[in-house]
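Structure at a glance
Residue-level listing of the chains:
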Amino acid sequence: MKLKALLVDDEVNILKNLQLVIPWDTLDIELIGTARNGEQALELARSMKPQLILCDIRMPVMDGIEFLSALREFDTEAEVIMMTGYQDFSYVRSVIRYEVKDYILKPIDYEELAETIRRLAEGVRERSIEQHSMQQEWKQVFHLAYEKVLYDRIIDLGGTSNRSFLKLSEAEGENLAFAMMLVDVADYSKRERSWEDKERKLWNFAIHNILQENLVSFEVPHSVLQVRSGEWCVLIERIPPDIYDRGQCMAWAEKLRQAVESYLKLNIRVALHPSEVSLKQLAKSYKSLQRSLNLSPAANKGVIISEKSRGNADTSQQLWDSIEEMVTGLKRCDRRRTETALKELNDSFRSLPETSFERVAPIVHYLCIHLLREMRAMEVINRDEELAIWSQIDQHHGIRETLLVINRLVDQSLESVMKKKTSDVLMLSARDYIERNLSTELSIDLLADYLGISGSYFSLLFKQHVGETFVEYVTKQRMEMAKSLLALSDKSVTQVGQMVGYAERRYFTRVFSKYTGMLPSEFRERQQNQSGAELPAWVNHEG
């Protein structure tokens, strides 16, 4: 980090000596100017903002003490070294209240001065690094809180959001709105049932990172929120006086789709909301995008514009609403709401003429798959039960058979949900949050706040349900992901560390070595010398 220095003295020879004798280049310091009095120095300090100032005390027009008094009114950070020919220390002490870090007596010992400058410059750089680190940490914490509000609004389960944060966002702009798109892996349910849990996490992690990296390249404020496995909501802020540009949003969506297809060889579907979306409209717009991806005839044609609901006369809309009501009831452990929605779904089918069955059958099939996907995300069915249901779905495409599958699935899920304790639901949310935010800062206090419980209670519940401490669990998840990334990608060790939540390579290496008994580079070399499973993903992708 190159620093800027200002020299202030009314003696021309001293200014020349300071410029020539002090090894400024070696100290990585740029001299931004010289001044013969305090007034000239103030002008330069205001315009150039030097971090280091060498200043004489006695000067014409404005002396050094007056200069310091005026300087501290607008700059409290600059380091100042006072130079004086006076042996009167009581006079020198008068500058202490202006936070002068050191003083040099004339005639100047230039070696001593150079050492003083070096020491102060190191202090400036260390504070700058620390301040930058604190700013980054604060930005990350702020962004996590921001994304939590957005996520809560999208899933709309009636939970409490951070109200103070919402007030803050409203204060910053009443017109806060977003370009909103939903990214979904085509045929994700079929793909996922063949994946082991580790493989599923890796694929989701890879897709999320590619979306994030490309959005960063767009240079727009954004959030990438994983709503469920294989599905991401992308929000791009529209900041007044900017207006919603559908053409630009379509171009962004297409670039995201092509990036994922190029690096992962996965067919990605993207639904774009046709207009800007306010904070209050997030949940409704999310459901609209989901419906478009699942029910639109053009859903497999890359990027589509979400269609507006056509009212109660639309049968597919009624069926979708019934499924959504059941899912919401299950998520809220509301038996009455779930059973009422299931009854409405069955009544809707009974009222349909048989001539409509052929048209509605594909819609019901999609609804069944959508419901199954939600049940898996809620962990209310196990893998064997899921495979049995898939067998039934694959064998029967008729509307009555599919409806029976939906009824059995809801009944089975209801029983499972009702057996779950509040603590089970909390820990399910905790593990889901950890998986979605593995690359960010994670802490007990952060998770406890997210769940609305105390840190001590969270720690107790987590150990009881997971069988290991929060730190042990997060470290294990990060290390397992790091092992996969090292084995299957060409990302550098530093990049891999950052992707799993470690900003410093040295710390990541230490944790990885303790976990595996090998350095990251050693692990990668050993894995690449062995024949392993291939993952055609992002191996050569550099963000």
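Refer to the structure above for everything that follows.
Right, let's walk through the structure included here. (Residues numbered from 1 in each chain as written. Predicted model: local features only at pLDDT ≥ 70, side-chain atom pairs only at ≥ 80, totals over all residues. Heavy atoms only, no water.)

Let us look at the overall build of the protein. Along its length, the protein carries 22 helices and eleven strands. Scored against the burial criterion, the 543 residues of the protein give a buried share of 50%. Carbon together with sulfur atoms contributes 49% to the accessible area of the protein, which is approximately 27,600 Å² in total. (Helix = DSSP H or I, 4+ residues; strand = E, 2+ residues; numbered from the N terminus. Buried < 20%, exposed > 50% of the residue type's maximum accessible area, 1.4 Å probe, protein only. Areas by Shrake-Rupley, 256 points an atom, 1.4 Å probe, with all protein chains shown as cover.)

Quick look at the packing of aromatic side chains now. In total, this model carries twelve aromatic pairs according to the counting rule given. Measuring from ring centre to ring centre gives 5.7 Å for tyrosine 502 and phenylalanine 508, while their planes differ by 40°; the resulting arrangement is tilted. Note on accessibility: tyrosine 502 and phenylalanine 508 belong to one class, buried. Judged by centre distance (5.8 Å) and plane angle (50°), the ring pair of phenylalanine 508 and phenylalanine 512 falls under tilted. Placement of the pair is phenylalanine 508 and phenylalanine 512 together in helix H21 (residues 505-516), with a separation of four residues, close to one helical turn. The exposure class assigned to phenylalanine 512 is buried, which follows from its relative accessible area of 0%. The structure contains a cluster of three or more aromatic residues connected by ring pairs, namely Tyr502, Tyr507, Phe508, Phe512 and Phe523. In this structure, arginine 436 is placed above the aromatic ring of tyrosine 151, and the distance from its NZ or CZ to the ring centre is 4.1 Å. One cation-aromatic arrangement involves arginine 478 over tyrosine 502; the distance from NZ or CZ to the ring centre is 5.5 Å. (Phe/Tyr/Trp six-rings, centres within 6.5 Å; stacked < 30°, edge-to-face > 60°. Lys NZ or Arg CZ within 6 Å of the ring centre and 35° of its normal.)

Another point: the pairing of strand E3 (residues 52-56). Most of E3 is tucked away, with five of its five residues classed as buried. Burial along E3 is two-sided: Leu52, Leu54 and Asp56 facing one way and Ile53 and Cys55 facing the other are all buried. Bridge count between strand E1 (residues 3-8) and E3: four bridges; the pairing is parallel. Bridged to alanine 5 within E3 is leucine 52. Across five bridges, E3 lies against strand E4 (residues 79-84) in parallel orientation. Residue pairing for E4: leucine 54 is matched across the bridge by isoleucine 81. Running through helix H3 (residues 64-71), the crossover from E3 to the neighbouring parallel element E4 is right-handed. (Pairing = 2+ DSSP bridges. Right-handed = clockwise from strand over helix to strand, strands pointing away.)

The full count for this structure, using the stated rule, is 22 salt bridges. A salt bridge links glutamate 213 to lysine 491; the shortest N-O distance between them is 3.3 Å. A residue pair is termed long-range when its members are at least 10 positions apart, and glutamate 213 in helix H8 (residues 197-218) and lysine 491 in the loop between helix H19 (470-488) and helix H20 (493-499) qualify at 278 residues. Glutamate 213 sits in the partly exposed class, given a relative accessible area of 23%. In this structure lysine 491 comes out as buried when scored by relative accessible area, which is 2%. For the salt bridge of aspartate 432 with arginine 436, the shortest nitrogen-to-oxygen distance reads 2.9 Å. Linking aspartate 432 with arginine 436, this pair stays in helix H16 (residues 422-436), spanning four residues, or about one helical turn. (Salt bridge = Lys/Arg side-chain N within 4 Å of Asp/Glu carboxyl O.)

Another point: H19. Under the 1.5 Å per step criterion, the end-to-end length of H19 is 27 Å for 19 residues, consistent within 8% with the ideal 27 Å. All buried positions along H19 are accounted for by Phe470, Tyr473, Val474, Gln477, Arg478, Met479, Met481, Ala482, Ser484, Leu485 and Leu486. (Expected span 1.5 Å × (residues − 1).)

Moving on, we get to the sheet that holds strand E5 (residues 102-105). With respect to topology, five strands assemble into an open sheet ordered E2-E1-E3-E4-E5, the strand pairing being parallel. Unpaired on one side and paired on the other, strand E2 (29-35) and E5 mark the two borders of the sheet. Strand-to-strand twist across the sheet, computed as the mean angle between neighbouring axes with direction ignored, equals 20°. The pairing of E4 with E5 spans four bridges and is parallel. Within the sheet, the bridge partner assigned to threonine 84 lies in E5 and is leucine 105. Together, E3 and E4 form the strand contacts of H3, whose direction differs from that of E3 by roughly 150°. (Axes fitted to C-alpha atoms, helices over the stretch in contact; angles between N-to-C directions. Contact = heavy atoms within 4.5 Å.)

Two elements in contact, H8 and H19, have axes separated by 11 Å at closest approach and are oriented at 75°. Classified by the interaxial angle, the pair formed by H8 and H19 is roughly perpendicular. Contacts from Lys198, Lys201, Leu202 and Phe205 in H8 reach Gln477, Glu480, Met481, Ser484, Leu485 and Leu488 in H19. (Parallel < 35°, antiparallel > 145°, perpendicular 65-115°, else oblique.)

Helix length check: helix H15 (residues 399-419), at 21 residues, gives a terminal C-alpha distance of 30 Å against a target of 30 Å (1.5 Å per residue), a fit within 8%. Taken together, the buried positions of H15 are occupied by Ile399, Thr402, Leu403, Val405, Ile406, Asn407, Leu409, Val410, Ser413, Leu414 and Val417.

Two measures define how a pair of helices packs: the angle their axes make with one another and the distance between the axes. Relative to each other, helix H2 (residues 38-48) and H3 sit at 25°, their axes nearing to 9 Å. In terms of axis orientation, H2 runs roughly parallel to H3. Seen along the crossing, H2 lies across H3 with a hand that is right-handed. Here H2 contributes Gly38, Ala41, Leu42 and Ala45 to the contact with H3, which in turn contributes Phe67, Ala70 and Leu71. Taken together, the residues of the contact of H2 with H3 sort by class into six nonpolar, one polar and no charged. (Left-handed = near helix turned anticlockwise from the far one by under 90°. Nonpolar A, V, L, I, M, F, W, Y, C, P; charged D, E, K, R; others polar.)

Once that is clear, we can look at the side chain of aspartate 184. Position of aspartate 184 among the secondary structure elements: in strand E6 (residues 177-185). In terms of polar contacts, aspartate 184 uses its side chain to reach the side chain of arginine 269, at 2.7 Å. (Polar contact = N/O pair within 3.5 Å; in protein donor to acceptor, adjacent residues only side chain to side chain.)

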